[in-house]
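# Tertiary structure, described
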Amino acid sequence: MITIVDYQMGNLRSVQKAIERVGGQAVFSSDPHEIATAEQLILPGVGAFGDAMAEINRRDLAQPIREFVQTGRPFLGICLGLQLLFEESHEHGTHRGLGILPGDVVRFDLPDTFKVPHMGWNTVRKTSESALLDDLADETHFYFVHSYYVRPEDPSLMALACEYGHEFCAMVSRENLFATQFHPEKSQANGLQLLRSFHQLAGRTQPNT
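These notes cover the structure that comes with them. (Residues numbered from 1 in each chain as written. Predicted model: local features only at pLDDT ≥ 70, side-chain atom pairs only at ≥ 80, totals over all residues. Heavy atoms only, no water.)

### Considerations on the layout of surface pockets
Spelled out, the test is: Only protein atoms enter the 1 Å grid used here. Points where a 1.4 Å probe fits but cannot escape make up a cavity, open sets with protein on both sides within 12 Å along at least five of seven lines make up a pocket, and a residue lines them when an atom lies within 4 Å of a point. Grid points are joined across faces, edges and corners, and a volume is the space filled by probe spheres set on the points. Secondary structure follows DSSP: runs of H or I at least 4 residues long count as helices, runs of E at least 2 residues long count as strands, and numbering of each begins at the N terminus. Note on residue categories: nonpolar means Ala, Val, Leu, Ile, Met, Phe, Trp, Tyr, Cys or Pro, charged means Asp, Glu, Lys or Arg, and polar means any other residue, Gly included.
Looking at the largest pocket, its volume works out to about 200 Å³. What lines the largest pocket is a set of 14 residues, and nearest its centre among them are Gly47, Cys79, Val145, His146 and Ser147. Elements supplying a minimum of two residues to the lining of the largest pocket: helix H5 (80-83) and strand E9 (139-146). In terms of residue class, the lining of the largest pocket is built from five nonpolar, seven polar and two charged.

### Some thoughts on the pairing of strand E5 (residues 86-89)
Basically, it comes down to this: Strands qualify as paired when DSSP identifies two bridges or more between them.
Summarising the sheet, E5 and strand E7 (residues 101-107) pair through three bridges and their orientation is parallel. Residue Glu88 lies in a different strand from E7, and its bridge partner there is Asp104. Pairing analysis gives two bridges linking E5 to strand E6 (residues 95-96), with the strands arranged antiparallel. Across the sheet, residue Glu88 finds its bridge partner in E6, namely Arg96. What sits between E5 and E6 in their antiparallel hairpin is a turn of five residues, with His92 showing a positive phi close to 55°.

### Regarding the side chain of Arg59
Cut-off, in case you're wondering: Pairs of N or O atoms are called polar contacts if they sit within 3.5 Å, as long as, within protein, a hydrogen donor faces a hydrogen acceptor (for residues adjacent in sequence, only side-chain-to-side-chain pairs). Should any heavy atoms of two residues lie within 4.5 Å, those residues are counted as being in contact.
Position of Arg59 relative to the elements: it lies in the loop between helix H3 (49-58) and helix H4 (62-71). Looking at Arg59, its side chain comes within polar contact range of the side chain of Glu55, at 2.2 Å. Arg59 has contacts with Asp6, Tyr7, Gln8, Ser30 and Pro32, leaving out every residue within four places of it along the chain.

### Observations concerning the sheet that holds E5
Two strands in a sheet stick together by hydrogen bonds in their backbones, pointing the same way (parallel) or opposite ways (antiparallel). Pairing within the open sheet is mixed, and its four strands lie in the order E6-E5-E7-E10. The two strands at the open ends of the sheet, each matched to only one other strand, are E6 and strand E10 (148-152).

### Regarding helix H6 (residues 188-199)
Going by this rule: Given the number of residues in a helix, its expected span is that number minus one, multiplied by 1.5 Å. Accessible area is worked out with a 1.4 Å probe on protein chains only. A residue is then buried under 20% of its type maximum, exposed over 50%, and partly exposed in between.
Spanning 12 residues, H6 covers 16 Å between terminal C-alpha atoms, matching the ideal 16 Å at 1.5 Å per step. All of the buried residues in H6 are Gly191, Leu192, Gln193, Leu194, Leu195, Ser197 and Phe198.

### Brief notes about the nonpolar core
Soluble globular proteins: nonpolar side chains tend toward being buried together. Note the cut-off: The set of buried Ala, Val, Leu, Ile, Met, Phe, Trp, Tyr and Cys residues whose side-chain atoms join them within 4.5 Å is what this entry labels a nonpolar core.
Residues Ile42 and Met171 are the most contacted members of the largest nonpolar core, which totals 36 residues. Secondary-structure elements contributing two or more residues to this core are strand E1 (2-5), helix H1 (12-21), strand E4 (75-78), E9, strand E11 (158-163), strand E12 (167-174) and H6. In terms of nonpolar packing, the next biggest core, distinct from the first, is built from 35 residues, Met9, Leu43, Leu80 and Ile100 among them.

### Description of the pairing of E1
What counts here: Crossovers are described as right-handed under a simple rule: with the strands pointing away from the observer, the path leading from the first strand over the helix to the second runs clockwise.
Side chains Ile2 and Ile4 project from E1 onto one buried face, and the interleaved Thr3 and Val5 project onto a second face that is buried too. Two elements, E1 and strand E2 (residues 26-29), share four bridges in a ladder whose sense is parallel. The residue bridging Ile4 from the neighbouring strand is Phe28, located in E2. As a crossover connection, the stretch from E1 through H1 into E2 is right-handed. Bridge count for E1 against strand E3 (residues 40-43) is three bridges, and the pairing is parallel.

### A short note on the pattern of salt bridges
So the rule is basically this: Salt bridges, as used here, are contacts in which a Lys or Arg side-chain nitrogen is within 4 Å of a carboxyl oxygen on Asp or Glu.
Taken as a whole and judged by the stated rule, the model has six salt bridges. Arg96 serves as the salt-bridge partner of Glu88, at 3.5 Å between the closest nitrogen and oxygen. Exposure remark for Glu88: the relative accessible area of 22% places this residue in the partly exposed category. Overall, Arg96 belongs to the exposed group, its relative accessible area being 56%.

### Concerning the side chain of Ser29
Secondary-structure assignment places Ser29 in strand E2. Classification of Ser29 as buried rests on a relative accessible area of 4%. Polar contacts involving the side chain of Ser29 include one to the main-chain amide nitrogen of Asp31, which spans 3.1 Å. When near neighbours in sequence (up to four residues on either side) are disregarded, Ser29 contacts Thr3, Ile4, Val5, Asp6, Glu34 and Ile35.

### Description of the sheet that holds E12
Defined as follows: For every element, the axis is a line fit to its C-alpha atoms; helices are fit only across the contacting stretch, and the angle between N-to-C directions ranges from 0 to 180 degrees.
The mixed open sheet is built from nine strands, whose spatial order is E2-E1-E3-E4-E13-E12-E11-E8-E9. Each having just a single partner strand, E2 and E9 make up the two edges of the open sheet. Between one strand axis and the next, the sheet turns by 25° as a mean value, whatever way the strands run. Two strands pair when backbone bridges link them, and E11 and E12 are joined in this way by five bridges, in the antiparallel orientation. Each bridged residue has a counterpart across the sheet, and for Met158 the counterpart in E12 is Val172. Against the sheet, H1 touches E1, E2, E3 and E4, its axis set at about 155° to E2.

These figures capture arrangement, not role.
Laid out in structure tokens, this is it:
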């Protein structure tokens, strides 16, 4: 069973339907204990970073999410759910994130020939190994909608890179933790394959050191 964190700022039903299409089951929860003890956890997100963290903190979910990641059970962040893992975001001011990963979140600063938000299909390139990418081609397409991107302090965290004016991190991967800037639930066959690989991690625990 996959638990999807419900803090009123994610495309929850679309993620749930995609999980069901690859043979999994998913439930929504905003209960701190259920999140901390889930078998697998997905943190989705659509909207502003500061508002999202305010909702997560209001529901006392920040520490349960951190505790879950430390258990070694499979975790997947999607879009804003990737950005929230980092230490801070500079979206409409400076806001503290979950602080699970070192780095920050910044807005695209691009020539006028590039539209912001970055929206639509784009090609990604593998930069490191990840269990979620084993059954995907080295270069493939995913669907993006975002104006901000993450800057990991540790380059080895980046599993996928994407070009939009310049290279940016499209996915991070570290032991049991995976997170994508793109929306796998909107990315047709490639996105479903990534979610299938995540679902197949059920029961695998990799304790963090």
